[in-house]
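Descriptive analysis of the structure
This is what each chain is made of:
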Amino acid sequence: MITDRTGGRRRLGYPVAAGVFAVGMAGTTLPTPLYGLYRAQLGFSELMVTVVFAVYALGVITVLLLAGNVSDEVGRRPVLLVALGLSAASALCFLFEGGLPMLLLGRVLSGFAAGLFSGAATATVLELAEPGQEVRAGFAATAANMGGLGCGPLLSGLLAQYAPWPLRLPFVVHLALLALAAVATWLLPETVARPHRPRSLRPQGPELPPEVRGVFAPSAVAAFAGFSLLGLFTAVAPSFLGQTLGVHNLAVDGLIVFTVFLGSTTGQSLTERIGTRRALPIGCLVLVVGLVLVAISLAVESLPVLVTGAVCGGIGQGLAFRAGLTAVGRAAPAAHRGGTISAFFLVAYLGISLPVVGVGALTLVLGLRGAGLTFSACVIVLTVAVGLYVLRRPLAGED
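All of these numbers come straight from a predicted model, not from anything done at the bench.

To continue, consider the overall build of the protein. Across its full length, the protein holds 14 helices and 0 strands. Ordering the α and β elements of the protein from the N terminus gives α-α-α-α-α-α-α-α-α-α-α-α-α-α. Relative to the compact-globule value of 21 Å for 399 residues, the protein shows a C-alpha radius of gyration of 20 Å, a close match. For the C-alpha atoms alone, the extent of the protein along its principal axes is close to 55 × 50 × 35 Å.

Structure follows, in structure tokens:
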């Protein structure tokens, strides 16, 4: 059950919570354009780049399994403050980086933070919405997630290319933003009625409230496919730009990654107009088109086609992601909303980690282009299967 226990502080509302969410998520993708610099400095392989990236997803998954529902018990604000602290610790690891172990530790801490943000921040944004604001709050939650992820590489790419201290300044700036986000979080109202100590931290397993089971599977698998595309761009796209297309501008690297998240935010903004029931299959179709364009760009070595595929794939991912998250969030009872949303993100982050590590491993055998083509083909098959399924069995109870 949720309530407003802080009176006037509720006027801060869901936009402030969405801003905190965006700042937190931006830190998780901040290192993306910098991996080439770290490779040159530390001398590790493309496979290790994907491993460093996937360690982040492992941190997310660990938290979602062990503490995905903790904000339902202890309250939203304490969890958000812990997440911001973990984000700051991650930034400090990169700021004082002294080798690969510190990079790995920074990514794990970043994953822990993202795991806490995913359920707690989404639930906070939704619960702070006044009557009649539910639709806008739902968009704000998903847009803050994807928008934050997109702004991270854009910010670090611009700073690394055009400002001094390319491996330091992005994290100094992010630490300042985190400090502002912490103050805003402290001023937010608590929406959990009776916060209490968690009974235990144990793996939650796949158990879901009965009300949500009918919509969870297709929604989560679509999220898995869409997040696979996001993982490819955030882990491998800068390497492809440099090694295959000869693009060595870090700002351009960040901008290309930003475009896929911009497409995602655009797709999310269209979901309510289309309707959740139709947005999920349409999103899968558009995601397939984007994946095909990405595959073509790899085959013909074309930057414009890659950008077009990024935008198109992002729009499809955004449509499917928001449709799935909306359906799951509406179906979940309030007392279990944080845990249910966390389970949804658990499946999504499996999509952002496992396929990307597979791409890294395949580069050792097939090269970067061959690995990317193989990845595209596999995700296309999965996305088509989900799209056909939801066409035959639309999400129950959604418009």
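With respect to the helices, strands and loops of the structure, V305 is situated in helix α13 (residues 303–331). C-alpha of V305 to C-alpha of R393: the two residues are 88 residues apart in sequence and 33 Å apart in space.

Helix length check: helix α12 (residues 276–300) (25 residues) gives 36 Å between terminal C-alpha atoms against 36 Å at 1.5 Å per residue, within 8%. Once α12 finishes, E301 follows within two positions and takes phi at roughly 55°, a positive value.

Take the side chain of Q268 next. Assignment of secondary structure puts Q268 in helix α11 (residues 250–274). A polar contact is formed between the side chain of Q268 and the side chain of T142, at a distance of 2.7 Å. Apart from residues no more than four positions distant in its own chain, Q268 is found in contact with F139, T142, A143, M146, G318, L319, F321 and R322.

The next thing to look at is the packing of helix α6 (residues 100–127) against helix α7 (residues 134–162). For the pair α6 and α7, interaxial distance at closest approach is 8 Å and the crossing angle is 160°. Taken as axis vectors, α6 and α7 run roughly antiparallel relative to one another. Remark: the crossing between α6 and α7 carries right-handed chirality. Together, T122, V125 and L126 of α6 and A137, G138, A140 and A141 of α7 make up the contact between the two elements. A breakdown of the residues in the contact of α6 with α7 according to their chemical character gives 5 nonpolar, 2 polar and no charged.

Below, the discussion takes up the nonpolar core. With 103 residues, the main nonpolar core has Y38, F117, F233 and Y349 as its most contacted residues. No other element matches the 15 residues that helix α14 (residues 337–392) contributes to this core. Aside from chain neighbours lying at most four places away, what touches F117 is V20, F21, G24, M25, L80, A83, L84, S87 and T122. With 9 residues, the next largest nonpolar core counts A222, L319, A323 and V386 among its residues.

Attention now goes to a nonpolar patch on the surface. The grouping of V183, W186 and L187 at the surface amounts to a nonpolar patch, some 330 Å² of accessible area in total. For V183, the position within the fold is in helix α8 (residues 169–187).

Tallied over the entire structure, the rule returns 10 aromatic pairs. Between Y56 and Y349, the aromatic rings sit 6.0 Å apart at their centres with planes inclined by 75°, giving edge-to-face as the arrangement. A residue pair is termed long-range when its members are at least 10 positions apart, and Y56 in helix α3 (residues 46–67) and Y349 in helix α14 qualify at 293 residues. What makes Y56 buried here is its relative accessible area of 2%.

Attention shifts here to the packing of helix α9 (residues 213–235) against α13. Between α9 and α13, the least distance of the axes is 9 Å, while the angle of their chain directions is 150°. Classified by the angle between their axes, α9 and α13 sit roughly antiparallel to one another. Once α9 is placed against α13, the crossing between them reads as left-handed. Together, V215, F216, S219, A222, G226, F227, L229, L230 and F233 of α9 and L306, A310, G313, G314, Q317, A320, F321, G324, A327, V328 and A331 of α13 make up the contact between the two elements.

Relative to the helices and strands, T29 resides in helix α1 (residues 13–29). Residue T29 is classed as buried on the basis of its relative accessible area of 4%. In this structure the side chain of T29 is engaged in a polar contact, spanning 2.6 Å, whose partner is the backbone oxygen of L149. With residues up to four places along the chain from it excluded, the contact list for T29 reads G148, L149, G152, P153 and T234.

Moving on, we come to the environment of G231. Its place among the elements puts G231 in helix α9. Classification of G231 as buried rests on a relative accessible area of 0%. Note: C-alpha distance between G231 and A295 (64 residues apart in sequence) is 15 Å. For G231, the contacting residues outside a window of four places in its chain are F53, V236, I352 and V356.

What follows is about α6. The terminal C-alpha atoms of α6 lie 40 Å apart, and with 28 residues this matches the ideal 40 Å at 1.5 Å per residue to within 8%. The sharpest bend along α6 measures roughly 35° and falls at F117. Of all 28 residues in α6, 20 are buried, a share of seventy percent or more.

A separate point is the pattern of salt bridges. Applying the stated rule across the entire model yields 3 salt bridges. Between R369 and E301 there is a salt bridge, with the nearest N and O atoms lying 1.9 Å from each other. Here R369, found in helix α14, pairs with E301, found in the loop between α12 and α13; they are 68 residues apart in sequence, far enough to count as distant.

What counts and how
Per chain, residues are indexed from 1 in the order of the written sequence. Totals for whole chains, interfaces and linings use every residue, but because this is a predicted model, local features are given only for residues with pLDDT of at least 70 and side-chain atom pairs only at 80 or more, for both listing and counting. Note that water and hydrogens are dropped before the side-chain values are worked out from all heavy atoms of the structure. Note on conventions: DSSP H or I runs of at least 4 residues are helices, E runs of at least 2 residues are strands, and numbering of each starts at the N terminus. Both definitions apply: the radius of gyration is a C-alpha atom measure, and the globule rule equals 2.2 Å times residues to the power 0.38. In a helix, the anticipated span is given by 1.5 Å times the number of residues less one. Distance and chemistry together define a polar contact, namely a pair of N or O atoms within 3.5 Å, with one atom able to donate a hydrogen and the other to accept it when in protein, and with adjacent residues in sequence counting only for side-chain atoms on both sides. What makes two residues a contact is simply this: any of their non-hydrogen atoms within 4.5 Å. Axes, fitted as lines to C-alpha atoms, cover a helix only where it is in contact. Angles between the N-to-C directions of the axes lie from 0 to 180 degrees. Convention used here: angles under 35 degrees read as roughly parallel, angles over 145 as roughly antiparallel, angles from 65 to 115 as roughly perpendicular, and any remaining angle as oblique. Crossing handedness follows the turn of the near helix against the far one: under a right angle anticlockwise gives a left-handed crossing, and clockwise gives a right-handed one. Residue polarity follows a fixed list, in which Ala, Val, Leu, Ile, Met, Phe, Trp, Tyr, Cys and Pro are nonpolar, Asp, Glu, Lys and Arg are charged, and the others, Gly among them, are polar. Nonpolar cores are built from buried Ala, Val, Leu, Ile, Met, Phe, Trp, Tyr and Cys residues. Side-chain atoms within 4.5 Å join them into one set. Type-normalised accessible area, obtained with a 1.4 Å probe on protein chains alone, sets the label of each residue: buried when under 20%, exposed when over 50%, and partly exposed for intermediate values. Like charges are joined within 9 Å and nonpolar side chains (Val, Leu, Ile, Met, Phe, Trp, Tyr) within 5 Å, but only among residues with over 30% relative accessible area and no salt bridge; these make up the patches. Per-residue accessibility takes into account occlusion by the displayed protein chains alone, with areas from the Shrake-Rupley method and a 1.4 Å probe. Salt-bridge detection follows one rule: a side-chain nitrogen of Lys or Arg within 4 Å of a carboxyl oxygen of Asp or Glu. Ring pairs are drawn from Phe, Tyr and Trp, using the six-membered ring of Trp, whenever the two centres fall within 6.5 Å, and their geometry is named by plane angle: stacked under 30 degrees, edge-to-face over 60, tilted for the rest. A residue's bend is the angle separating two fitted axes: one through the seven residues that end there, the other through the seven that start there.

So yeah, pure geometry; function would need other evidence.
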